[in-house]
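Residues per chain, in single letters:
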Amino acid sequence: RVHLGLTRGGAREAWRVPLAGGAPEREAPAPWCQVVPAPAGGWTYALRCASSIMMEVHLFAPGAGLDDPPARTLQAAKVAWEASGASLVVYDLEVVRRLEVASGAATDLLELPIAPSVALAPDGTVYSAEIVSHVTRHLITNYGDRPRP
């Protein structure tokens, strides 16, 4: 499944879409705006989004549901799973950290004043990308009806 946050009517909602295709479905009710399971290990993080760039990240142990108490809660602007599912990469608008989900141990990786996107490679390399332009896509539904020269 693909897990995503969908903005509708000014509010962000947690949705998922089957990877093989099919209808999207709401994954969790408000206040959750995105639910992201770890790639391995059974952990899950769920986001509570506010109007600011910072999000409340709730980390749930394997087998726990969104109604259970989280293993820990933190504030972040960006968060992503490490490929092993054993840790998260967390960005708080100042520092990129690795958070080991089982122990809660945090390691500062680097100071970074601007990071719209952050990811951690298996070898420990931190990748960051900045937005340099905007792209819009348009779907032409009547392409076959358009006049030809």
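Residues numbered from 1 in each chain as written. Predicted model: local features only at pLDDT ≥ 70, side-chain atom pairs only at ≥ 80, totals over all residues. Heavy atoms only, no water.

A. Just the layout of surface pockets, in detail. Here the largest pocket defines a volume of roughly 160 Å³. In terms of lining, the largest pocket is formed by R12, Q34, Y45, L47, C49, A50, S52, I53, M55, A77, K78 and V79. Of all the secondary-structure elements, those providing two or more residues to the lining of the largest pocket are strand 5 (44–49) and strand 8 (78–81). Considering every element that reaches the lining of the largest pocket, the biggest residue donor is strand 5, with three residues. Considering only residue class, the lining of the largest pocket consists of eight nonpolar, two polar and two charged. (1 Å grid on protein atoms, 1.4 Å probe; cavity = no way out; pocket = protein on both sides within 12 Å on 5 of 7 lines; lining within 4 Å. Points joined across faces, edges and corners; volume = space filled by probe spheres on them. Helix = DSSP H or I, 4+ residues; strand = E, 2+ residues; numbered from the N terminus. Nonpolar A, V, L, I, M, F, W, Y, C, P; charged D, E, K, R; others polar.)

B. Summary view of the state of the cysteines. Scanning all chains against the criterion turns up one disulfide. The disulfide bridge from C33 ends at C49, spanning 1.9 Å between sulfur atoms. Of note, the bridge from C33 to C49 carries an S-S torsion of about 60° and is right-handed in sense. Of this pair, C33 sits in strand 4 (residues 32–37) while C49 is found in strand 5, placing the two residues 16 residues apart along the sequence. (Disulfide = S-S within 2.5 Å.)

C. Just the pairing of strand 11 (residues 106–111), in detail. Judged from the five bridges that link them, strand 10 (residues 95–100) and strand 11 form a sheet pairing that is antiparallel. Across the sheet, the residue bridging to R98 is T107, located in strand 11. Hairpin remark: strand 10 followed by strand 11, antiparallel, with five residues in the connecting loop; positive phi at G104, about 85°. (Pairing = 2+ DSSP bridges.)

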